[in-house]
Structures are given as C-alpha cells and as structure tokens.
Amino acid sequence: MSGFFITFEGPDGCGKTSQIPALAEFLRARGVNVLTTREPGGTEIGDQVRRVIMDLRNKGMDARTEILLFQASRVQIVEQVIRPALHAGRVVICDRYADSTLAYQGYGHQTDMTFLRQLLHFATGGLQPDLTLLLDVDVEEGLRRRQKGGGEWNRLDDYEVEFHHRVRAGYHQLVAEEPDRWVMVDAMQSREAIQLELREIILKRLSLD
Ligand code: TYD
C-alpha cells in the first residue's frame, strides 16, 4: 500500500471537524491527492448505521450494540473507501477511526481493552494509521463548544461529564503507548494557530516541508 493514512482524534468539541476541510484544501493546493472521510459513516451503509447510533430516541441501546454498530460502519469504510484510496496512492484523512473505539468504548465505557483490540483487528483487517493527530481540549470547554454551535447534539454527547473525562485521559494513555504514531496538538489555541500547527506536522510527515 503506497498511500498515507492520517486519522484525527479527540474529545467532543475539539474542533477536528472544522480543521479537516481547511487542511485538505491546503494540501490539495500543494499538489497532494487527498481524500477526506469520517466515522461513523462515510459510506452509504455506514451513514445508515450512523443514524441509528446517534438517534436521541435510541436511549435503550445496549453498550455492546453500540460497540458492534461502530465496527459495522468501520468495516464498510475500510473496505469501500480507505483501502482503495491508499492503494491508489492517495493521502486519506479520516475524522475518527479505531482509536475512538478504544477511547470511548474502552476507557469511557470501561469495556475490556484486549477484547476491543481483537474486535478492531477484525473490523479493520489490521489497517493502522500512519499518523494520528490528537486535538486535545479541556472536557468542559469541549462540551461548551459542542452545545454552543458546532453540529447537532446527539445521543453520545448526552453521556455524563465523568465519561468525557475518562475519554480524554484514555487518549493521553494511547499517545503514551504509541508515541511514534501520535502527535498531540493543543486544541485550546485559536483555530488559526491549530491549523498552522497541523499543516506543519503533516508537511513534515509527508516530507513536503
Ligand atoms: P460526531 O457527531 O461525528 O462528533 P465528533 O465531531 O465529535 O466526531 O460524533 C461521533 C461520536 O461518536 C463521538 O461522540 C465519538 C463517538 N464514537 C465512539 O464512541 N466510538 C467510535 O468508534 C467512533 C468512531 C465514534
């Protein structure tokens, strides 16, 4: 596989979703063949699964159902979108990937990590990102941003604040375990400062600086 696979991670309200389009545009202007996508969703089947996961009416969803639905959406995006693009030599930027399952379902909901890693291997066929950017934001600030503007308030945003604290601490743990793959960016900075930092990191990794 000759492309380059970049994933974005972070607690809710970290601002990934508004940073990615600007970054993709910047890279395209530098002649990079970029594909952006997101999880859950990113395919026709995945988008249908996403609606079930997010629906505020689905209060009765068991935590195991939620885990499996995220993986169902993931299989589709890996096979239909990410692998073909990487084979074609493209740079793929995905808004969330397998690490979200480790952070949210693993650390957040305290599901067995060994089992989750096996499940992730099943869902992804072992496809790992080359680079993962963590947009790190204070939990309360993230939730404030989420409530104020950016996007719809969904079933998952409704979890108690302690859950979000575990998610953030979980991300920090994942960075510590694999420091070569992860780069942590301070998402408390201004939008512009974050964008500049992201550009710098990615150009360097793509050897374009
Ligand atoms: P989304 O509206 O895409 O929000 P964000 O902009 O924060 O990515 O919602 C995705 C939600 O799904 C988010 O709360 C994280 C959660 N999630 C998991 O719990 N596990 C997963 O494997 C994935 C991909 C997402």
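Scroll up for the structure.
Below is a short write-up of the structure. (Residues numbered from 1 in each chain as written. Predicted model: local features only at pLDDT ≥ 70, side-chain atom pairs only at ≥ 80, totals over all residues. Heavy atoms only, no water.)

## Focus on the nonpolar core
Formed by 28 residues in total, the largest nonpolar core has its most connected members in Phe5, Ile82, Val92, Tyr97, Leu127 and Tyr171. If you list the elements that add at least two residues to this core, you get helix 3 (63-87), strand 3 (91-95), helix 4 (98-108), helix 5 (113-124) and helix 7 (161-177). Element by element, the count of residues in this core is highest for helix 3, at 7 residues. (Core = buried A, V, L, I, M, F, W, Y, C linked by side-chain atoms within 4.5 Å. Buried < 20%, exposed > 50% of the residue type's maximum accessible area, 1.4 Å probe, protein only. Helix = DSSP H or I, 4+ residues; strand = E, 2+ residues; numbered from the N terminus.)

## Structural notes on helix 4
For helix 4, the tally of buried residues reaches 10 of 11 residues, placing the bulk of the element in the interior. Along helix 4, the positions that sit buried rather than exposed are Ala98, Asp99, Ser100, Thr101, Leu102, Ala103, Tyr104, Gln105, Gly106 and Gly108. Summarising the contacts, the buried residues of helix 4 are in contact with strand 1 (4-9), helix 3, helix 5, strand 4 (131-136), helix 7 and strand 5 (182-186). The positive-phi residue at the C-terminal boundary of helix 4 is Gln110, with phi of around 55°. (Contact = heavy atoms within 4.5 Å.)

## A word on the site of the ligand
The local shell around the ligand holds 16 residues, among which Lys16, Arg74, Arg96, Thr101 and Gln105 are the closest. Lys16 is positioned with one of its side-chain polar atoms (N or O) 2.9 Å from an oxygen atom of the ligand. Measuring from an oxygen atom of the ligand, one finds a side-chain N or O atom of Arg50 at 3.0 Å. Burial of the ligand by the protein amounts to 94% of the accessible area it has alone, namely 550 Å². Elements with a minimum of two residues in the shell around the ligand: helix 1 (16-29), helix 2 (44-54), helix 3 and helix 4. A class-by-class count of the residues in the shell around the ligand yields 4 nonpolar, 5 polar and 7 charged. (Near = heavy atom within 4 Å. Polar contact = N/O pair within 3.5 Å; in protein donor to acceptor, adjacent residues only side chain to side chain. Areas by Shrake-Rupley, 256 points an atom, 1.4 Å probe, with all protein chains shown as cover. Nonpolar A, V, L, I, M, F, W, Y, C, P; charged D, E, K, R; others polar.)

## Notes on the pattern of salt bridges
Throughout the structure, instances matching the rule amount to 14 salt bridges. Between Glu79 and Arg83 there is a salt bridge, and its shortest N-O distance comes to 3.5 Å. Pair noted here: Glu79 and Arg83 are both in helix 3, with a separation of 4 residues, about one helical turn. The exposure class assigned to Glu79 is partly exposed, which follows from its relative accessible area of 42%. The partner of Asp99 in a salt bridge is Arg181, and the shortest N-O contact between them spans 2.9 Å. Taken as a pair, Asp99 in helix 4 and Arg181 in the loop between helix 7 and strand 5 lie far apart in primary sequence, 82 residues in all. On the accessibility criterion, Arg181 (8% relative accessible area) is buried. Bridged by salt links that share partners, the residues Glu9, Asp12, Arg96 and Arg146 form one connected network. (Salt bridge = Lys/Arg side-chain N within 4 Å of Asp/Glu carboxyl O.)

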